[in-house]
Amino acid sequence: MAPPLRLHAVAFISPLNHPILIRSFSQVKGDELKYHYIAHTSLDVIEERIASSNKSTECYLGFLYAMEDSAVYGYITPLKVKIVLALALSDSVIRDADITMIFRAFYNAYYQSLANPFLRLDAPQDSITDHSALLSQGSSKWKGFRRRVDDVARAVGAVVTTDERD
Amino acid sequence: MNSYPPELLVQLAPVLFVAGLDLPRPPQPQSPPPDILPQPQPQTQGDQDATLRPRRNTTAQDPFTALILRLREALTSQRKVAIWQPERNKAFQVVLVDKAVPFPPRKLPSDPQLPNSTAHSPLSPLLPSSPLYPDGLIAPIWIRKHTTLVPSVFVLFLRLYESPVTEPRSPLDLPDGEKDKEREREERKRDTELSAGVAERKKSTNERGIKLTVVLMASRRMLDDPSLDTRLTFIRRQSGLDSRAALFVLSPVSQSELHDFVRSLQQALFEPALEYYTSHSKRVRRKRNRHSQVSSSAPVIMHPIPPSGSVGGAQTAKVETIARPLRPEGWTVRYEYKMASFAEFRGEDEVALKHYQDSYATLLSMFSSTAIMPPRTKRWAEAKVLADCISIKICKLYLYNAEHALALSQHNAHTRRFAELSRGWGIGEETYEYWSWIARQYRVLGELLEQGTQSTLAIPSHIPTPPITQATPATQPQQQQQQQQQLEGMRALGLNPSTALQHPGFYFYLAAGCTERRQARFLSILDAEATQGITPSPSYLNEKKVDHLTLILELYTKSYELFKKYAPTTSQGQGRLTLWIACRIAQTYVAAGKFDLAARFFERISRTYRREQWMSMLKPLLASWYGCAQKLSDTELCVKLLLEMLAQGVSPSPDLTVENALMPILETTAPSSNNPITVDLSESEPFFDVSVVFYEPEMEIGESMPFQIHIAAHDGASSLSWLPVTELCIYYADDSPPVVMKRSSNGNQRAVKWISLGDINFDQSDEREHEQVVEGDLTWEKDGVIVLSGTISSGTPRPLKIMRLVLKLEKNGWKIEIPLDPEQRRTGVLPSPRWLSSNNPPRFIPMRRAHYSSTTVRQRPHQLRISLAHDEPAYLDEQYPISVEVTNIDDRDLDITVDVLLQPGEDDSINHISIGDESSSSLINGVSFGLLRPGVTSVKALHLLSTGTAGARVLDISVQSSCPSAVPPTPITPTPTTPGVPSQQDSTEHLRTISILTVAPFTVSHDITYRHRNARTALPGLGSLATFERDYWDDSEGGEATVMSTLECAGPWGIQIESLQFVPEDNDHVRLAKNNNLDEDDGGDFPSELLPGDQFCDLVVLGINPEVSDSSTPAETSVLAPGHHIISWRRLPAASNSEIPPPLCQTNIRLPALSPPKPTLLALLTVPPLGYLHKPLPLTLTLRNQNITQTAIIHITLEPDPQGEAFVIAGPRNVRAPTLLPGAECELKWRLIPVECGDAVRLPRLRVVHKRSRMSDADTSGDAVESQAGQNEEEVRIVDTRWDGLLSDTKMESDGKRSTNSPRPSVDVIRGGKGDSKGDDTGLRTIIVLPRGA
């Protein structure tokens, strides 16, 4: 029996490679920025993966790289939103099926939150499908997305500390 | 890797000593003494062995010198000493040595004083003089011994003596026996000398089991000499060489041949080399086995400590009080290592790996006990190095075999195990020693991978394999399926990220990170030393000499280069991974005090982060960058960075706000130039959130449109009232001066401030020399919004928006401009445009319109009144007039053109429209109505001609008006009109669509009756010539059809019929017999008017001669196209405009197909309609067999009337007619004498029965009555020729498609038919009998 996965961070990145939400579950103080870097740099590997396996409909991109104490996994939704997971690096085999399941849960959390009609309440009509609508749900103004992401993380076993801003 | 002894890391290969390839020394006596590894010298001029050879030209190169040079090059260049060398090509590590090179002593007596003491190798821990004495494990010098001092094979190159050639030798010369003998003696003498030298060498190599091979170099001539074989045999015997692969002869050959020689030589010698190392292995294994037995039986130290031991291990003695001998575990490590090395020499990687692992495992067990391996001693340090090196070797051997996961797992296990051990040794994670060591591990791994990737190692990609969805076919054998399932199972498991091999850049990066921590630990101790005065340890003093930052930079730079190398080729510019490392490099530069370098890095990195809007990473970067700018005292950069930080909402440091940092700079320093500094934040977060809202999306020329500009500080920003804003410029267009808002004195403290901009007229802005200036309170309170409100108008059609705004700050000579882009939005914030509807308290209306930030000025639309007049419904085939009336109700002159489009109908009928001379079936384009002055009306008639079926016709009428005076002579904007910009052409289009209901003018119904051919006209004979005449009319099959066409005026409008004409179709099957209209001499009733509901009849009698089909059965024959009526008509004009008669129209109405019924057997009764009492009258019955194939047998019965006879009958009452052959006809006659008078005297009742045998009636119709006699009886209907006429069964109308009228009953026609009852026949078969005398 493999040891349980330890989730360090999850990042949602828009199709234009802008960050939507980066949520860190690490207990180490001052590590948040590191996961921003990890999320950003993993875009390199994700782009490489997409380019190498063109026309693939597979969302799961697999293990991207390992850096310091984190193993980074990637996922791309059909609408090109990228989800990046940073897991604690442990000397054990991580089953792809487990990771895919976590990714799907996060993806689900994402699009459920995106369906929030109040997100676009005051926006002009031409920006309904605007890119910034995707980004806005990650802002601290909207709590639903964070809550759903935290729920998934809790289910995976991460210790979620409530954000001071919330 | 340089931190480890190279001997312990390099890839080992069999060692080959090559002697005798010294270059001939120049004659100078001061030549350097022979080196062990002499360098090849290009000097070839001198010829030492001049006496042995005939002298040649001194400038020519001696072939043997060239040969030696080439040999040296070929042997030394084939293999380079390297760590990564997985190839197995049987290549030796060649060492060039002197002929007389001595080997190191094999064994030395452990105690020189005791002659009978056990002898040991000079490197054995048992020998006091050894550096390993008494408890060393293994030393790099041992490897060096085997790579440089002791070979596995010794190759000795020697010159074979060759006697000088006596030349010229004439074939006539007799063999000089004396000279030959002399020569042989000389050769024998030389050979003996040579053999003695070889034998000497052989003796020393034999001692060590080293293979000796001699290569004799001789000229090509010598190879052909018959005496060579005997000489070689002699030399071999004399020198005691082996029989196999021990003696070669080489003559000067070409380069490629030489390479072949070198290759074959090595191949021949590889086997002995392997044997050599195998024997070493065996020896070591024997020793290890013996040792383990001894140690297991007697774990006590077996060797007494010699008193002189402390002298031998002088350095050790300082640390250790008692020098203890090597423990049994140590011996195991030593022996396993040796065996591993020998296996490596042999190229047996797997064996080597096994022994290295054993050695490593034992070594680890030694480390786990401080008693066995006391920490921080020399031996401990040596053992640690050894363990690291063995670990690297194991990794390397795994990587040779592409077992990446195992290699990494070895590396991970090594670091983890030693991290644990380090804690026990007091050099745990809180010490710089630990981080230094761990950094070294990653660095070595990185270097190993780098070397590997330069040759054979491939970094695997970790793309997950897609799951196989297709089920494996059942045809595959069971075993294969199982294997496949296992493989899938493995794939499904995923991978272990910690053993996933990545490119070396990652490991250099890790090493750099570890070195950073090492530095941090070191610095903390440095602080502790300064404050508490801790006594420095030697390692600390050593650490002090280390330049950590250079080390970190070196590692990061290395990593950066590797990341760049491995960056995906698809990504343009710089990869993000490299940017990350660049960021670390920049931070290292900051730490190293190289601020200018760091600032340049920051500038480059921030560009990407800004572009991709990763503000979270940009913020700390800005703070560091600002720190650099401060250190560089670049005040302008400081100001720019501080303003950007203000926009981002970050402060330069936790205890310093932007205000506190920026204002002192502005107050105390002066800018370098008077030019304003532009802080362009277009790629970053905007300085203020600007949103421009126009109230309506469109406006007309001359109108004023209210608009608002909301300028808000970002969320959570503190009050910005300290910001020295002086003015705000608002640019409406690129080419016009802005509206400038100057800062007035502070007004209120409200968060929402409303400032009026007044009215802005675009047309005047072109002429305006000076900018429009207004004043306003440009201070932002906390969460403040400034709303600029104004109206805008334009005299020309154009899109309007606010191009840009520029915020200007001024303080103490500093001039700063911050452009604000209304389009720019803060990351992750949806725009929520609002309209400030009330200032106090502030109320906003959300503006949810698309494109709220722009408005479009349009031309005023032209005012036209368009009316389309026509009298619906229209008739088919009619030129239907539609009057198009356009009235200019605008105040301008308008040029009007009209386009009419006729939509295609639902059926495929072709309709036409026409205006004036133009006519089309679809579109009439550009009908000019001329220039209309205000109030003027223009009318044109449009005609629609509809054909086909009734229904709606749809017309699109487009009335375009253009204002000729509005087109300016020169366009306002010189640029060509771009899409989206309203056209300068002042034109308006009005669209009208009308649907015209079209109905048929008449409904037509046809009544058709058919009459048989006249009974009295007999058929012509078969050969009658008349049948061949052109105008012969054979109506035997047909007869006459009477068609009564009834036209009814169906529409709401009356119709005047001008003429009606029947035109028979020109074919052989129909001819016009009679038309009632043509009978009239004066043209009949025409013209006649039909009001709605009026009917009009036309009777046409047609002789028909239908086509006879070939089928045997009587078929329904028909005449498909008998002809058509042509009706010329016009609509009755309405009373109001009767002066112009409507145009004449023509409608064609086709008659329906005629299909007379066709009985097979015909009985025609002919009787005069009027008779006189007692005066005989004839009654004739004509029987006609129209069947083509069957004979008719007919019985006729004249039945008496049960009510009493009215006639006296002369003739048979019951008769059988003559048998009628097909096509035959016969007549039966009776004479009747009336005995009653009356207007309806009933004729005697006739019954005609057709009798047939049952055999032939299979295909007759079903109403045959079966008699008892077994015959079919079929009653033949009798047709009274006076009333001959059959109404067709179906009601026919003029056109099958138009069936609007209900069928009308026909009363005046005898309904005949087989189904009719007898009573009908008898009841009607009457005549009028008058009394005599009338």
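Definitions and cut-offs
- Residues numbered from 1 in each chain as written.
- Chains lettered and ligands numbered in written order.
- Predicted model: local features only at pLDDT ≥ 70, side-chain atom pairs only at ≥ 80, totals over all residues.
- Heavy atoms only, no water.
- UniProt positions renumbered as here; feature names shortened; annotations may be inferred.
- Helix = DSSP H or I, 4+ residues; strand = E, 2+ residues; numbered from the N terminus.
- Buried < 20%, exposed > 50% of the residue type's maximum accessible area, 1.4 Å probe, protein only.
- Contact = heavy atoms within 4.5 Å.
- Areas by Shrake-Rupley, 256 points an atom, 1.4 Å probe, with all protein chains shown as cover.
- Expected span 1.5 Å × (residues − 1).
- Pairing = 2+ DSSP bridges.
- Axes fitted to C-alpha atoms, helices over the stretch in contact; angles between N-to-C directions.
- Parallel < 35°, antiparallel > 145°, perpendicular 65-115°, else oblique.
- Left-handed = near helix turned anticlockwise from the far one by under 90°.
- Nonpolar A, V, L, I, M, F, W, Y, C, P; charged D, E, K, R; others polar.
- Salt bridge = Lys/Arg side-chain N within 4 Å of Asp/Glu carboxyl O.
- Phe/Tyr/Trp six-rings, centres within 6.5 Å; stacked < 30°, edge-to-face > 60°.
- Lys NZ or Arg CZ within 6 Å of the ring centre and 35° of its normal.
- Core = buried A, V, L, I, M, F, W, Y, C linked by side-chain atoms within 4.5 Å.
- Buried area = accessible area lost by both parts, 1.4 Å probe.

Under an unreviewed UniProt entry, the name given to chain B is Trafficking protein particle complex subunit 11 domain-containing protein, and the organism recorded is Rickenella mellea.

If you check an unreviewed UniProt entry, chain A appears there as Trafficking protein particle complex subunit 2-like protein from Rickenella mellea. Per UniProt, chain A has the following entry under Sequence similarities (unreviewed entry): "Belongs to the TRAPP small subunits family. Sedlin subfamily."

Colleague: Account for the overall build of chain B, naming residues and giving values.
Modeller: Secondary structure assignment for chain B yields 25 helices and 55 strands. Buried residues in chain B amount to 45% of all 1334 residues. Expressed as a percentage of contacts within chain B between residues at least 6 apart in sequence, the contacts between residues at least 24 apart total 77%. Counting every atom, chain B has about 66,500 Å² of accessible surface; 52% of that belongs to carbon and sulfur.

Colleague: With reference to specific residues and values, describe helix 17 (residues 548-566) of chain B.
Modeller: The α-helix advances 3.6 residues per turn, and as a result positions three or four apart in sequence lie on the same side. Relative to the 27 Å expected for 19 residues at 1.5 Å per residue, helix 17 of chain B spans 27 Å between its end C-alpha atoms, a close match to the ideal helical length. Those residues of helix 17 of chain B that fall on the buried side of the exposure criterion are B:His548, B:Leu549, B:Ile552, B:Leu553, B:Leu555, B:Tyr556, B:Ser559, B:Tyr560, B:Leu562 and B:Phe563. Here the buried face of helix 17 of chain B lies against strand 3 (60-67) of chain A together with helix 13 (432-454), helix 15 (504-532), helix 16 (538-544) and helix 18 (576-592) of chain B.

Colleague: Outline the sheet that holds strand 1 (residues 15-19) of chain B, listing residues and values.
Modeller: All names here are of chain B. Spatially, 5 strands are ordered 2-1-5-6-7 in an open sheet, and the strand pairing comes out parallel. The open sheet has two free edges, formed respectively by strand 2 (93-97) and strand 7 (247-250), since each of these has just one partner strand. This sheet shows a mean twist of 25 degrees between the axes of neighbouring strands, independent of strand direction. When strand 1 meets strand 5 (residues 153-159), the two strands line up parallel, connected through 4 bridges. The partner of valine 18 across the bridge, within strand 5, is valine 155.

Colleague: Quick rundown of the packing of helix 11 (residues 378-400) of chain B against helix 13 of chain B? Include the residues and the values.
Modeller: Residues and elements named next belong to chain B. Contact geometry of helix 11 with helix 13 gives a least axis separation of 11 Å together with a crossing angle of 30 degrees. Taken together, helix 11 and helix 13 sit at an angle that is classed as roughly parallel. Handedness of the helix 11/helix 13 crossing: right-handed. The segment helix 11 lies against helix 13, with Lys384, Asp388, Ile392, Cys395, Lys396 and Leu399 engaging Trp437, Gln441, Val444, Leu448 and Leu449. The residue makeup of the contact of helix 11 with helix 13, split by class, is 7 nonpolar, 1 polar and 3 charged.

Colleague: How would you sum up the pairing of strand 39 (residues 1123-1131) of chain B? Please name residues and give values.
Modeller: Residues and elements named next belong to chain B. Here strand 39 lies mainly inside the structure; 9 of its 9 residues are buried. Going residue by residue along strand 39, you find Gly1123, His1125, Ile1127, Trp1129 and Arg1131 tucked away on one face and His1124, Ile1126, Ser1128 and Arg1130 tucked away on the opposite face as well. Looking at chain direction, strand 35 (residues 1055-1064) and strand 39 are connected through 9 bridges and run antiparallel. The residue of strand 39 that forms the bridge with glutamine 1061 is isoleucine 1126. Both strand 39 and strand 40 (residues 1145-1150) contribute to a ladder of 6 bridges, which runs antiparallel. Residue pairing in the sheet places histidine 1124 in a bridge with arginine 1150 of strand 40.

Colleague: Just give me the short version of the pattern of salt bridges, but keep the residues and values in it.
Modeller: Within the structure shown, the criterion is met by 49 salt bridges over all chains. Ionic pairing is found between B:Asp890 and B:Arg892, a salt bridge with its closest N-O pair at 3.0 Å. Exposure class is identical for B:Asp890 and B:Arg892. Each is buried. When the shortest N-O distance is used, the salt bridge between B:Glu1275 and B:Arg1247 registers 3.3 Å. On the criterion of sequence distance, the pair formed by B:Glu1275 in strand 51 (residues 1271-1276) and B:Arg1247 in strand 49 (residues 1245-1253) is long-range, its members being 28 residues apart. Several salt bridges converge on common partners, so that one network encompasses A:Asp44, A:Glu47, B:Arg576 and B:Glu612.

Colleague: If you had to explain the packing of aromatic side chains to someone new, which residues and values would you point to?
Modeller: The tally for this structure, following the rule as stated, stands at 44 aromatic pairs over all chains. Relative to B:Trp780, the ring of B:Phe688 has its centre 4.1 Å away and its plane inclined at 20 degrees; by these criteria the two rings are stacked. Note that B:Phe688 is positioned in the loop between strand 8 (677-678) and strand 9 (689-694) and B:Trp780 in the loop between strand 15 (772-776) and strand 16 (785-793), a separation of 92 residues in sequence. Using a relative accessible area of 1% as the deciding quantity, one classes B:Phe688 as buried. An aromatic cluster is built from A:Tyr37, B:Tyr509, B:Tyr556, B:Trp580 and B:Tyr609, whose rings are joined through pairwise contacts. The ring of B:Phe234 has B:Arg188 lying over it, and the distance from NZ or CZ to the ring centre is 4.2 Å. The ring of B:Tyr875 has B:Arg1131 sitting right over it, with the charged end atom 5.5 Å from the ring centre.

Colleague: Report on the nonpolar core, specifying residues and quantitative values.
Modeller: Counting residues in hydrophobic clusters, the biggest one holds 216 residues, and the most contacted among them are B:Phe687 and B:Ile709. At 13 residues, the largest contribution of residues to this core is made by helix 11 of chain B. When near neighbours in sequence (up to four residues on either side) are disregarded, B:Phe687 contacts B:Leu643, B:Leu646, B:Ala647, B:Leu681, B:Leu723, B:Leu807, B:Ile818, B:Leu820 and B:Arg826. With 35 residues, the next largest nonpolar core counts A:Phe12, A:Ile94, A:Leu114 and A:Val152 among its residues.

Colleague: Which residues make up the interface of chain A and chain B, and what values do they have?
Modeller: The interface of chain A with chain B comprises 56 residues on the first partner and 52 residues on the second. Between chain A and chain B the total buried area reaches about 4,600 Å² when both faces are included, carbon and sulfur atoms providing 63% of it. Ranking the residues of chain A by area buried against chain B places A:Tyr37, A:His40 and A:Asp44 at the top, with a combined share of 16%. Applying the counting criterion to the chain A and chain B interface returns 3 salt bridges. One salt bridge connects A:Asp91 with B:Arg416, and the closest N-O pair in it is separated by 3.4 Å. Put simply, the parts of the chain that give the side of chain A that touches chain B at least two residues each are strand 2 (19-24), helix 1 (32-52), strand 3, strand 4 (70-76), helix 2 (96-114) and helix 3 (131-136) of chain A.

Colleague: Which residues make up the sheet that holds strand 30 (residues 937-945) of chain B, and what values go with them?
Modeller: Residue and element names in this part refer to chain B. Across the sheet, which stays open at both edges, the 5 strands sit in the order 23-25-30-27-28 with antiparallel pairing between neighbours. Two strands lie at the open edges of the sheet, namely strand 23 (864-869) and strand 28 (918-920), each paired on one side alone. This sheet shows a mean twist of 20 degrees between the axes of neighbouring strands, independent of strand direction. The pairing of strand 25 (residues 879-888) with strand 30 spans 9 bridges and is antiparallel. Looking across to strand 30, one finds that tyrosine 880 is bridged to leucine 944.

Colleague: With reference to specific residues and values, describe unusual backbone geometry.
Modeller: Backbone torsion omega between B:Glu872 and B:Pro873 reads -10 degrees, so that peptide bond is classified as cis. Within the element layout of this structure, B:Pro873 appears in the loop between strand 23 and strand 24 (874-875). Positive phi outside glycine occurs at A:Asn17, with the angle close to 65 degrees. Examined against the element boundaries, A:Asn17 turns out to sit in the loop between strand 1 (7-13) and strand 2.

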